[in-house]
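The lines below spell out each chain.
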Amino acid sequence: AWDEGYHIESLAPPLKSFPHRNFKCPKCVKCSSCGTRTAKAWRSDYTMCKPCGTLFRDRRFCAICLSVYKQHETDMVQCDKCRFWIHARCDGLGEDDLRKLHESEDPYECPNCRGERTYTLMAQALDQLQKEDRERFFAEPVTVEYALATQYHTVVDKPMDFRTI
């Protein structure tokens, strides 16, 4: 996220006005997949460099760590249920486990399909929602004073904020 009061001095040349579109200051931008900070092109939401974003769009990412994978990576296994490829390390699989899987006729299911990551997936979704809440509408619970002054509850039946969720 971008804090207008803090990062404005990071820019060269300085901006004439605050951006109205997605923006990330050059000192803060970092690809969530490969970790680069120096890419020449970024996805429109600035969460990934353009090359990683393209691979992610093409579903070439591990469904556990959400990092894209390159063709040269070999320690991966495909889930027979969701068809995503998973880094062996992301499912705690060692070389022996991989060898046994490849020799076996038994289907492989990733942690997502086995239902082991429900909490993790929910936490990832909430984290993404918090990043998108730039105006901080859902950052804090609605106070009684605000609710009474604005008739908030006539519009919203069940108020939710990130702490409540």
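On a predicted model such as this, the values are computed, not experimentally measured, just so you know.

**A word on the layout of surface pockets**
Where empty space is left becomes clear once a probe the size of a water molecule has been rolled over the atoms.
Inference 1: By volume, the second largest pocket is sized at about 150 Å³.
Inference 2: Grouping the amino acids of the lining of the second largest pocket by side-chain chemistry returns four nonpolar, no polar and two charged.

**A word on the side chain of H87**
Inference 1: Position of H87 relative to the elements: it lies in strand β2 (residues 85-87).
Inference 2: What makes H87 buried here is its relative accessible area of 1%.
Inference 3: The residues touching H87, leaving out its near neighbours within four places in the chain, are C62, C65, S67, Y69, E73, D75 and M76.

**Focus on the pattern of salt bridges**
Inference 1: Within this structure, the stated rule accounts for seven salt bridges.
Inference 2: As a salt-bridge pair, R99 and D96 come within 3.5 Å of each other at their nearest N and O atoms. Of this pair, R99 and D96 both sit in helix α3 (residues 95-103), separated by three residues, roughly a single helical turn.
Inference 3: Assessed through its relative accessible area of 49%, D96 is described here as partly exposed.
Inference 4: Salt bridges here are not isolated pairs; linked through shared partners, they connect D91, R114 and E116.

Thresholds, definitions, all that
- Residues numbered from 1 in each chain as written.
- Predicted model: local features only at pLDDT ≥ 70, side-chain atom pairs only at ≥ 80, totals over all residues.
- Heavy atoms only, no water.
- 1 Å grid on protein atoms, 1.4 Å probe; cavity = no way out; pocket = protein on both sides within 12 Å on 5 of 7 lines; lining within 4 Å.
- Points joined across faces, edges and corners; volume = space filled by probe spheres on them.
- Nonpolar A, V, L, I, M, F, W, Y, C, P; charged D, E, K, R; others polar.
- Helix = DSSP H or I, 4+ residues; strand = E, 2+ residues; numbered from the N terminus.
- Buried < 20%, exposed > 50% of the residue type's maximum accessible area, 1.4 Å probe, protein only.
- Contact = heavy atoms within 4.5 Å.
- Salt bridge = Lys/Arg side-chain N within 4 Å of Asp/Glu carboxyl O.

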